[in-house]
Amino acid sequence: VHSPELQLYVIRILFIVPIFAASSWYSLKAANSPAQEYVYVNAFRDVYEAFVIHTFLAFLTACFGEEENLIRVLEGKAQQEHLFGLHLILRAPRMGRP
């Protein structure tokens, strides 16, 4: 990917790994402390996770164009089957338009 706009999305998505690692380490380290600062760290991690999901959807839109283009690309893909046994309780997923 040589587009600076797309690279920004990728960096935002990849940055979730050190954020999760640092927040998990801090939560384990501070779990027994009476101040419970780890609650704020976990809240920051959850907000960043939501930001990454939004960034991923924006990345897909930037790669494939508008939503209609993305839907057409997904509808052209082969439909995926569930793992053995799951087809009994889940309906088959449909790629493309919800």
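**Student:** Just to check I follow, could you spell out the packing of helix H1 (residues 4-14) against helix H3 (residues 38-64) for this structure?
**Tutor:** When two helices pack together, their arrangement is given by the angle between the helix axes and the distance between those axes. Where H1 meets H3, the axes come as close as 9 Å, and the angle between the chain directions of the two elements is 150°. Considering their axes alone, H1 and H3 lie roughly antiparallel with respect to each other. Between H1 and H3 lies a crossing of left-handed hand. Where H1 approaches H3, its residues Glu5, Leu6, Tyr9, Val10, Arg12 and Ile13 are matched on the opposing element by Tyr48, Phe51, Val52, Thr55, Phe56, Ala58, Phe59, Ala62 and Cys63. Its residues assigned to classes, the contact of H1 with H3 comprises 12 nonpolar, 1 polar and 2 charged.

**Student:** Looking at this structure, I do not really get the packing of H1 against helix H2 (residues 16-30). What am I missing?
**Tutor:** Between H1 and H2, the shortest axis-to-axis distance is 5 Å and the interhelical angle comes to 20°. Looking at the two axes, H1 sits roughly parallel to H2. Contacts from Arg12, Ile13 and Leu14 in H1 reach Ile16, Val17 and Pro18 in H2.

Reading the values: the criteria
- Residues numbered from 1 in each chain as written.
- Predicted model: local features only at pLDDT ≥ 70, side-chain atom pairs only at ≥ 80, totals over all residues.
- Heavy atoms only, no water.
- Axes fitted to C-alpha atoms, helices over the stretch in contact; angles between N-to-C directions.
- Helix = DSSP H or I, 4+ residues; strand = E, 2+ residues; numbered from the N terminus.
- Parallel < 35°, antiparallel > 145°, perpendicular 65-115°, else oblique.
- Left-handed = near helix turned anticlockwise from the far one by under 90°.
- Contact = heavy atoms within 4.5 Å.
- Nonpolar A, V, L, I, M, F, W, Y, C, P; charged D, E, K, R; others polar.

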